[in-house]
Amino acid sequence: MLSVLDIARLEEDVRSLREMDYRRGGEPCLDRIRYRIRESVPLLVTSAPEKVRRRLHVAMADLRNLAGWVCFDAGLVDNAHNHFCHALVLAGLARDDGLTANVCYRLGRMYLHHGQPDEALRYFDLGQLAAARSGNQLDASILSVNAAWAHAKKGAEHEARTLLDRGREQFGAADRATEAVWSAFFTAGDLSALAGAVHADLADTAGRRHARTAVPLLTAAIDSYGEDMVRSRTFSLILLSTTHLIAGDVESGVSTGLRALASAGVVGSARVRDRLRPLAAHARTHRAHTGAQDLARRIDAGAGAS
């Protein structure tokens, strides 16, 4: 008979693995999360009362959702997609619309990272439907702001700004006391980071004027991240460096880029390495600046070694 203690141990392990992922990146988590899945799958066929089984489905969906995110961060896209599909099925069995919305957000982010903003937007839209059913404003905010980022990558300034404003309103209306563990990461600092990302991409796709907005937003996000969110801080440092370079502030771009490179060195993340490559490309455009050229060479050397 399945016990509540079995599920509580699983929930605690997922919490610990999620913290490890934020702090060290997905690659160091792979073996542990694969082991936890193998250990937990038999629980799904263990007899239990309906209330206990539903809690198990939520915990297993959360584990698979995290496994998908970890694999995505490690560059294992097919594995990530498989885990996310399992997570959607389990979240459906649990009738947890908030968790379904979160899985859709993460699937969308995977497509966005790999240069498919339209596919990402389809998942963000599906997530919004689930978030509307749950009535959770934090879930809705996460999806709105990420949809804004997808539009920014396409150069669609009006859509990006409209969705960003909506996401901020939803964030302000969210009840943080009822937030789920899988969406608790989305703090005011993370909202600032994503708003900065929207304007950083708009600076590249719609006009350099957006750099003036992106810089203070990204700076505030970087200052808000502690040692428990090293990867998130690294992403914002990369974007801030890129934005400085786009704006023509090469000195600030290089110094921030070196900070980003140092931070990336302590995180096992294919996503971080992927995000560094466009920074190197922007640095190379400043051919007369020896610091920018050195930054590009350092990034290239690190990418080649990974």
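As a reminder, the structure under discussion sits directly above these lines.
Heads up: these notes are all about the structure in this document.

Conventions we followed
Residues numbered from 1 in each chain as written. Predicted model: local features only at pLDDT ≥ 70, side-chain atom pairs only at ≥ 80, totals over all residues. Heavy atoms only, no water. Helix = DSSP H or I, 4+ residues; strand = E, 2+ residues; numbered from the N terminus. Buried < 20%, exposed > 50% of the residue type's maximum accessible area, 1.4 Å probe, protein only. Expected span 1.5 Å × (residues − 1). Contact = heavy atoms within 4.5 Å. Phe/Tyr/Trp six-rings, centres within 6.5 Å; stacked < 30°, edge-to-face > 60°.

## Quick word on unusual backbone geometry
Inference 1: One non-glycine residue, Arg-95, lies in positive phi territory at about 55°.
Inference 2: Tracing the sequence through the fold places Arg-95 in the loop between helix 4 (77-94) and helix 5 (97-113).
Inference 3: Relative accessible area serves as the criterion here: at 51%, Arg-95 is assigned to the exposed category.

## Considerations on helix 1 (residues 4-24)
Inference 1: Taking 1.5 Å per residue, 21 residues should reach 30 Å; helix 1 reaches 30 Å between its end C-alpha atoms and fits that length.
Inference 2: The complete set of buried residues in helix 1 reads Ile-7, Leu-10, Val-14, Leu-17, Arg-18, Met-20, Asp-21 and Tyr-22.
Inference 3: Next to the buried residues of helix 1 lie helix 2 (30-40), helix 3 (50-73) and helix 11 (230-247).

## Structural notes on the packing of aromatic side chains
Inference 1: Inspection of the entire model under this criterion finds 6 aromatic pairs.
Inference 2: When the centroid spacing of 5.3 Å and the interplanar angle of 70° are considered together, the rings of Trp-69 and Phe-72 count as edge-to-face. Separated by 3 residues within a single helix, Trp-69 and Phe-72 lie in helix 3, roughly one turn from each other.
Inference 3: When its relative accessible area of 2% is taken as the criterion, Phe-72 is described as buried.
Inference 4: Summarising the aromatic geometry, the rings of Phe-185 and Phe-186 are spaced 5.9 Å apart at their centres and angled 70° between planes, so their arrangement reads as edge-to-face.

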